[in-house]
Amino acid sequence: MIDFAWLGAAAFTAGLVDAVVGGGGLIQIPAIFSVLPKEVPATLLGTNKFASIFGTSAAAVNYARRVRVAWSTAAPAAVAAFVLSFVGAWTVTRVPADFVRTLLPIVLVAVAVYTFKKKDLGAVHAPVHSGLAERYWAIGIGAAIGFYDGFFGPGTGSFLIFLFVRFFGFDFLGASAAAKIVNVACNFSALLWFGYSGHILWQLGLMMAVCQVAGSLIGTKLALKHGSAFVRKLFLVVVSALILKTAYDAFTKIGW
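Quantities reported herein were computed from a predicted structural model and do not represent experimental measurements.

**Student:** Teacher, can you tell me more about the overall build of the chain here?
**Tutor:** When helices and strands are counted, the chain shows nine helices and zero strands. The helix and strand sequence of the chain, counted from the amino end, reads α-α-α-α-α-α-α-α-α. Buried positions account for 51% of the 256 residues belonging to the chain. A fraction of 85% describes how many contacts in the chain between residues 6 or more apart in sequence connect residues 24 or more apart. For the chain, the accessible area works out to roughly 12200 Å², and carbon and sulfur atoms hold 71% of it.

Shown next, in the form of structure tokens:
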């Protein structure tokens, strides 16, 4: 019961953070691996995805009710992410992800520095693409992030928010709303494989899903109440945490 309570608390916190800026996996994945060390990793990852898709979907619905979601960008990006997430998952079974593991902290540092230096980045919602250009950019970004999510995964939601702000001119709140739509597609694609292959602990996943949704509702409410400035600050905090976590993983993995 203590283990279940701990995982429920972790899922709640992950749902709250993920609803605002992504990065909930930073909290939920280490928690589930530490509590169930003897389980097959694929089963733990499948259970994590099962819980996460409920939290992300709840956030997406809440954003769609209160924020004008740029569906002309989010929809094609979500379709591309759904397809390429499957391709990424297939690829990782054949190609080691060590290169991505070592490169990721460097990319995250660049994202953090760029966001910190550009004080007005994401402050105003001023889309810069329309028509075919918007669609092509959306498909390209959705495909790249979808493949990354299937192949490796950490920081997917945060990367999506940054890319929507940087390349589409969205504010952080609008970017977070669009990112949730794409994230649902990524999670659902991966979940199809995990479910088909029997890698989900259903009872645990359902309990964590309820906690994820509760956290997601509060996180969405905070983001909507405090706006883009709040989302930007939390984004920088989560990216900084991702830098530390991924750098630690990269250095320990290769024995530095």
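Next comes the rest of the description.
**Student:** Just to check I follow, could you spell out the side chain of Gln-28 for this structure?
**Tutor:** Mapped onto the elements of the fold, Gln-28 is located in helix H2 (residues 25-35). By relative accessible area, which is 1% here, Gln-28 ends up buried. Ignoring sequence-local partners within four residues, the contact set of Gln-28 consists of Ala-11, Ala-14, Asn-48, Ala-51, Ser-52, Met-208 and Gln-212.

**Student:** What exactly am I supposed to notice about H2 here?
**Tutor:** An α-helical segment advances 3.6 residues per turn. Residues three or four places apart therefore align on the same side. Restricting attention to buried positions, one finds in H2 the residues Gln-28, Ala-31, Ile-32 and Val-35. Taken end-on, H2 shows its buried residues confined to a sector of 90°, consistent with a single buried face.

**Student:** Is there a simple way to explain the packing of aromatic side chains in this structure?
**Tutor:** The full count for this structure, using the stated rule, is eleven aromatic pairs. Measuring from centroid to centroid gives 5.3 Å for Trp-137 and Phe-167, while their planes differ by 20°, and the two rings are stacked. Separated by 30 residues along the polypeptide, Trp-137 in helix H6 (residues 131-151) and Phe-167 in helix H7 (residues 156-168) bring together distant segments of the chain. The partly exposed category is assigned to Trp-137, whose relative accessible area is 38%. With 5.8 Å between their ring centres and 15° between their planes, Phe-164 and Phe-170 make a pair best called stacked. Under the relative-accessibility criterion, Phe-170 is labelled buried at 2%.

**Student:** Would you take a moment to explain the nonpolar core for this structure?
**Tutor:** Across soluble globular proteins, you tend to see nonpolar side chains buried next to one another. Core analysis: the largest hydrophobic core is formed by 51 residues, its most contacted members being Val-21, Tyr-63, Ile-161, Phe-164 and Phe-235. The set of elements that each furnish at least two residues to this core consists of helix H1 (2-21), helix H3 (41-66), helix H4 (71-92), helix H5 (98-117), H6, H7, helix H8 (172-196) and helix H9 (202-254). Top element by residues in this core is H8. It accounts for ten residues.

**Student:** What's the story with the pattern of salt bridges in this structure? I'm lost.
**Tutor:** Oppositely charged side chains can form a pair if their charged atoms are brought close together. Throughout the structure, instances matching the rule amount to one salt bridge. The shortest N-O distance in the salt bridge between Asp-149 and Lys-49 comes to 3.3 Å. On the criterion of sequence distance, the pair formed by Asp-149 in helix H6 and Lys-49 in helix H3 is long-range, its members being 100 residues apart. Per residue, the accessibility class of Asp-149 equals that of Lys-49, and both read buried.

Calculation rules
Within every chain, residues take consecutive numbers counted from 1 along the sequence as written. Where local features are concerned, this predicted model is filtered to residues with pLDDT of at least 70; where side-chain atom pairs are given and counted, the filter is 80 or more; whole-chain, interface and lining totals use all residues. Only hydrogens and water are removed before side-chain values are computed, so all heavy atoms of the structure are retained for them. The secondary structure listing takes helices from DSSP runs of H or I that are at least 4 residues long and strands from runs of E that are at least 2 residues long, numbered from the N terminus. Any residue under 20% of the maximum accessible area for its type is buried, any over 50% is exposed, and the rest in between are partly exposed; the area is computed with a 1.4 Å probe on protein chains only. Two residues form a contact once any of their heavy atoms are found within 4.5 Å. Surface accessibility follows the Shrake-Rupley procedure with a 1.4 Å probe radius. Residue values consider only the protein chains on display as shielding. Working definition: the arc comes from the directions between the helix axis and the C-beta atoms, pointing outward to the latter. Pairing of aromatic rings covers Phe, Tyr and the six-membered ring of Trp, with a centre-to-centre limit of 6.5 Å; geometry is then stacked below 30 degrees between planes, edge-to-face above 60, and tilted otherwise. Nonpolar cores are built from buried Ala, Val, Leu, Ile, Met, Phe, Trp, Tyr and Cys residues. Side-chain atoms within 4.5 Å join them into one set. One side-chain nitrogen of Lys or Arg within 4 Å of one carboxyl oxygen of Asp or Glu is enough to make a salt bridge.

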